[in-house]
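# Fold and geometry: a report
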Amino acid sequence: MSRISQTMAALRAAKRKVLIPYLVAGDPDKGTTLALMHALVAAGADIIELGIPFSDPSSDGTVIQLGAERALREGTTLHDVMDIVRQFRAHDATTPIVLMGYLNPIEIMGYEAFASAAQAVGADGVLIVDMPAYECAELFDAVRPRGLDTVFLVAPTTTQSRLASICASSTGYLYYVSLKGVTGAAITDKGDIKSKIEHLRTMTDLPVVVGFGIKDAASAVDMASISDGVIVGSALVDAISRLHRGGVATPDDLAATVAVIASIRSAIENIK
Amino acid sequence: MSTVKPEQVVGATAADPFSGPDAHGHFGRYGGVFVGETLIAAVEELDKVYTTMAGKPEFWAEIDRDLKFYVGRPSPLYVAERLTAHFGGAKIVLKREDLNHTGAHKINNTIGQALLAKFMGKPRIIAETGAGQHGVASATIAARLGLQCDVYMGAEDIKRQSANVYRMKLMGARVIAVESGSRTLKDALNEALRDWATNVDNTYYIIGTAAGPHPYPRMVRDFQSVIGREARQQSMELFRRLPDALVACVGGGSNAIGLFHPFLHDTDVSMYGVEAGGDGLETGRHAAPLSAGRPGVLHGNRTYLMTDAAGQIMETHSVSAGLDYPGVGPEHAWLKDIGRVNYVAATDTEALEAFRYLSRMEGIIPALESAHAIAYGCKLAAQLPKDRIVVINLSGRGDKDIHTVAGIDGIEI
Ligand SMILES: Cc1ncc(COP(=O)(O)O)c(C=O)c1O
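Computed from a predicted model, the values in this text were never measured in an experiment. (Residues numbered from 1 in each chain as written. Chains lettered and ligands numbered in written order. Predicted model: local features only at pLDDT ≥ 70, side-chain atom pairs only at ≥ 80, totals over all residues. Heavy atoms only, no water.)

### Structural notes on the overall build of chain B
Each helix and strand counted, chain B has 16 helices and 15 strands in total. For 413 residues, the compact-globule estimate of 2.2 N^0.38 gives 22 Å, and chain B sits close to it at 19 Å. A principal-axis box enclosing the C-alpha atoms of chain B has dimensions of 55 × 50 × 45 Å. Taken across its 413 residues, chain B has 65% of its residues classed as buried. Summing over all exposed atoms, chain B offers an accessible surface of approximately 14000 Å²; the carbon and sulfur share of this is 53%. (Helix = DSSP H or I, 4+ residues; strand = E, 2+ residues; numbered from the N terminus. Rg over C-alpha atoms; globule rule 2.2 N^0.38 Å. Buried < 20%, exposed > 50% of the residue type's maximum accessible area, 1.4 Å probe, protein only. Areas by Shrake-Rupley, 256 points an atom, 1.4 Å probe, with all protein chains shown as cover.)

So this is what it looks like as structure tokens:
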């Protein structure tokens with residue numbers, strides 16, 4: 001069983017919700033990202049989505065765009081992202097890491113090189129925002145034999161005919177996009193999300209985790225109540241934007257930055 | 001004019017390498033649908049609607065009517081006699097897309113796509129623009145059909161194409177400055193994709209070139225193919241034969257594929273796509289992904305890109321805003337790999353020189369984009385015997401560029 005599936009199974013058995021923060025690797029610099037990842041785990045993160053910075057993040061809102069720009073100004077490459085995972089893994093053998101990003105950096109590295117590096121450093125899954133499952137045959141050939149999970153997005157606009165193929169291609173969990181729009185926008189239609197997730201439940205046993213638009217404890221409770229848990233990106237990246245590049249973040253700085261994750265953790269702890 | 005319609009056959013096969021794309025939008029390994037999940041349903045719906053409409057003669061009849069009475073087509077095929085005499089080789093012939101309403105080929109595409117938007121019941125259109133020509137063409141058709149129109153334009157381009165910004169506003173469009181990334185065309189495209197994902201229910205996205213996710217490359221090609229169909233027929237009428245060579249500038253590749261596509265099966269017709277060589281290919285400061293880039297994935301399709309070794313999209317450099325784009329339509333990537341079209345580059349200096357000599361020798365001020373095609377086309381003609389015919393696509397007129405060129409001359413207008 002993959003590290004992601006083990007984590008999910010343990011949470012399910014304990015009737016707890018999963019909490020998945022997203023941050024951009026290299027924002028504001030590589031050392032701080034590594035320190036933040038450990039701080040996130042201490043604050044209650046179950047899985048970490050580590051963003052691969054890209055120059056043209058067309059599915060992201062301003063907050064994450066700026067995070068990617070900061071990381072790229074630091075010169076962060078996909079090799080650096082792998083390096084951050086390797087260093088993290090040296091001190092944390094249990095928290096799964098999902099590499100999330102856009103296709104071009106992975107395509108340029110090459111699927112085989114990407115998959116073998118990801119396996120070697122101890123990453124657990126991949127989520128490529130702009131690569132639909134039916135374009136993934138070659139990628140699957142590279143990542144599946146190495147035990148990496150493949151996570152896909154389901155959107156409010158996803159048609160019934162696509163749902164079946166997304167469920168069939170997904171392992172680990174399903175990422176349900178809460179809104180029509182980009183990361184960091186506001187959720188407007190809770191009722192629709194609830195019925196869509198209930199429908200998804202009839203099609204798959206995979207955990208369904210809701211992301212996009214979760215910015216605080218209240219919105220996290222709303223979404224976690226109707227799903228298996230939440231992904232929090234922009235709210236965290238916004239806090240990271242206040243950290244200074246290059247300087248050593250003090251334990252207090254780190255705690256303040258991940259406070260939003262800690263507060264969401266305690267808020268979703270009582271949902272049954 | 002010719003009413004031969006775009007091929008209904010889809011899928012490039014060994015037997016016919018020019019019949020692409022296949023059902024998933026592939027031209028060989030290029031093309032496809034690489035967008036976020038939120039937009040997949042929208043592009044799939046568009047593909048369905050377009051495929052249905054493309055099979056209806058009434059749809060093309062309505063487009064033909066608009067092209068004739070609103071755009072002013074057919075655009076002439078003009079023999080540039082002084083230019084021909086000056087270069088002393090093949091006959092230089094210009095396809096005059098600059099004479100279209102709004103001054104460029106871009107309107108051929110917006111007429112078609114706006115009709116789809118109307119048919120799909122979308123009250124709002126959005127567009128990205130670099131030089132402003134596609135933005136103007138979108139604002140124009142939106143005004144005529146009574147649609148709301150928002151145009152995304154890089155803040156950098158807003159500065160260098162201020163006349164077009166004002167034209168768009170005059171026609172009731174809103175021009176939204178894009179401050180992210182390199183603040184040029186690629187970033188305008190990103191921002192338009194974000195808008196579309198957010199407003200997908202009421203908004204139609206008119207992509208301005210033969211790139212983006214399937215079905216855009218096919219659709220834009222089909223709408224622009226009127227250029228090549230006319231040129232073919234006009235060449236037969238004027239010269240009783242087909243041209244020997246076709247030359248067009250390549251930004252995203254829409255005017256080039258529009259000219260080339262109806263001639264792809266004519267193996268005696270050679271083709272040249274001219275990219276923006278900027279300061280020179282050897283300097284790295286250019287916008288020539290086919291000449292000096294590598295395959296990757298951006299803006300919905302797999303194609304040749306200007307991408308660095310880490311997979312980041314590089315900043316491009318060109319004197320012409322409309323060619324300042326790091327990607328290119330996927331059909332061109334395919335035509336390059338199979339060797340059907342030659343892709344070459346003209347530098348800023350060569351384009352500016354062509355801008356000046358075409359103005360002086362023929363009384364035609366070309367768009368800086370088109371000046372790249374003129375520069376290469378004249379060089380080519382000079383090397384060919386006098387009995388050959390070279391058709392150069394004059395994709396647009398240069399009114400929008402006089403500030404840029406005057407600025408280079410140190411003159412303030
Ligand atoms: C006059 C003109 N020609 C060419 C282009 C380049 O676009 P494409 O390669 O799609 O024809 C532009 C783009 O703005 C343009 O305005």
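### Overview of the sheet that holds strand β2 (residues 30-34) of chain B
Residue and element names in this part refer to chain B. Sheet architecture is open: four strands sit in the order β1-β2-β13-β12, paired in antiparallel fashion. The sheet terminates laterally at β1 (26-27) and β12 (294-298), the two strands that pair on one side only. In terms of strand pairing, β1 meets β2 through two bridges, oriented antiparallel. What sits directly across from H26, in β2, is G31. (Pairing = 2+ DSSP bridges.)

### Side note on the nonpolar core
In this structure, Y173 and Y175 of chain A together with F59, L116, W196, Y204 and Y205 of chain B are the most contacted members of the largest nonpolar core, which totals 119 residues. No other element matches helix α1 (residues 37-54) of chain B, which puts nine residues into this core. Two domains each put at least three residues into this core: domain 1 (15-68 + 106-220) and domain 2 (72-103 + 225-408) of chain B. Excluding its chain neighbours within four sequence positions, the residues that come into contact with W196 of chain B are L39, A42, V43, I126, T203, Y204, Y205 and Y216 of chain B. Within the second largest apolar cluster, 73 residues are counted, among which are A39, Y176, V230 and L236 of chain A. (Core = buried A, V, L, I, M, F, W, Y, C linked by side-chain atoms within 4.5 Å. Domains from an automatic or database assignment. Contact = heavy atoms within 4.5 Å.)

### Observations concerning the packing of aromatic side chains
Residue and element names in this part refer to chain B. In total, this model carries 13 aromatic pairs over all chains according to the counting rule given. Note on F59 and W60: the rings are 5.3 Å apart at their centroids and 70° apart in plane angle, and the pair reads as edge-to-face. Side by side, F59 and W60 carry an identical accessibility label, which is buried. Measuring from ring centre to ring centre gives 6.3 Å for W196 and Y216, while their planes differ by 75°; the resulting arrangement is edge-to-face. (Phe/Tyr/Trp six-rings, centres within 6.5 Å; stacked < 30°, edge-to-face > 60°.)

### Things to note about the pairing of strand β5 (residues 124-129) of chain B
All names here are of chain B. Counting buried residues in β5 gives six out of six residues, a clear majority hidden from the surface. Residue alternation in β5 divides its side chains into two sets, R124, I126 and E128 and I125, A127 and T129, and both sets are buried. Pairing analysis gives six bridges linking β5 to strand β6 (residues 148-154), with the strands arranged parallel. Paired with I126 across the strands is D150, a residue of β6. Taken together, β5, helix α5 (residues 133-145) and β6 form a β-α-β motif whose crossover is right-handed. Bridge analysis of β5 against strand β8 (residues 203-206) gives four bridges, and the strand direction is parallel. The residue bridging R124 from the neighbouring strand is T203, located in β8. (Right-handed = clockwise from strand over helix to strand, strands pointing away.)

### A few points about the site of the ligand
Residues and elements named next belong to chain B. Near the ligand there are 18 residues, and of these T209, G251, G253, S254 and S395 occur at the shortest range. The separation between an oxygen atom of the ligand and a polar side-chain atom of K106 is 3.1 Å. Taking G253, its main chain carries an N or O atom lying 2.7 Å from an oxygen atom of the ligand. In isolation the ligand has 390 Å² of accessible area, and contact with the protein removes 97% of it. Its residues assigned to classes, the shell around the ligand shows five nonpolar, eleven polar and two charged. (Near = heavy atom within 4 Å. Polar contact = N/O pair within 3.5 Å; in protein donor to acceptor, adjacent residues only side chain to side chain. Nonpolar A, V, L, I, M, F, W, Y, C, P; charged D, E, K, R; others polar.)

### Regarding the interface of chain A and chain B
Between chain A and chain B, the contact holds 36 residues from the first and 39 residues from the second. Roughly 2800 Å² is buried in total at the junction of chain A and chain B, and carbon and sulfur atoms are behind 49% of that figure. On the chain A side of the interface with chain B, the three residues burying the most area are D56, I108 and E135 of chain A, jointly 20% of the side's total. Summed over the shared surface of chain A and chain B, the number is five salt bridges. Between R162 of chain A and E44 of chain B there is a salt bridge; the shortest N-O distance is 3.8 Å. (Buried area = accessible area lost by both parts, 1.4 Å probe. Salt bridge = Lys/Arg side-chain N within 4 Å of Asp/Glu carboxyl O.)

### Focus on the side chain of E37 of chain B
Position of E37 of chain B relative to the elements: it lies in helix α1. The residues contacting E37 of chain B, other than those within four sequence positions of it, are V129, L153, V154, A155, T157, T158, R162 and I166 of chain A.

### A word on a nonpolar patch on the surface
Residue and element names in this part refer to chain B. Together, I365, I402, I411 and I413 make up an exposed nonpolar region whose accessible area comes to about 380 Å². Tracing the sequence through the fold places I411 in the segment after α16 (402-408). Look at I411 and you get exposed, because its relative accessible area is 52%. (Patch = residues over 30% accessible without salt bridge, like charges linked within 9 Å, V, L, I, M, F, W, Y side chains within 5 Å.)

### Overview of helix α13 (residues 330-337) of chain B
Residue and element names in this part refer to chain B. Counting buried positions along α13 yields six of eight residues, so the element is predominantly enclosed. Turning to α13, its buried residues number three or more, namely P330, E331, H332, A333, W334 and L335. Just downstream of α13, G339 is the residue with a positive phi angle, here 80°.

### Quick notes on helix α4 (residues 106-119) of chain B
Residues and elements named next belong to chain B. Given a rise of 1.5 Å per residue, 14 residues ought to cover 20 Å, and the 20 Å separating the end C-alpha atoms of α4 matches this to within 8%. Most of α4 sits inside the fold, with twelve of its 14 residues counted as buried. Phi turns positive, to about 75°, at G121, one or two residues after α4. (Expected span 1.5 Å × (residues − 1).)

### Looking at the confidence of the model for chain B
Residue and element names in this part refer to chain B. On average, residues of chain B score 95 in pLDDT, and 97% of them reach the 70 mark or higher. Across residues 1-10, where pLDDT falls below 50, the model places 22 contacts with residues more than four positions away in sequence or in other chains. Scored as a whole, the predicted complex attains pTM 0.96, and scored at its interfaces, ipTM 0.96. (pLDDT = per-residue confidence, 0-100.)

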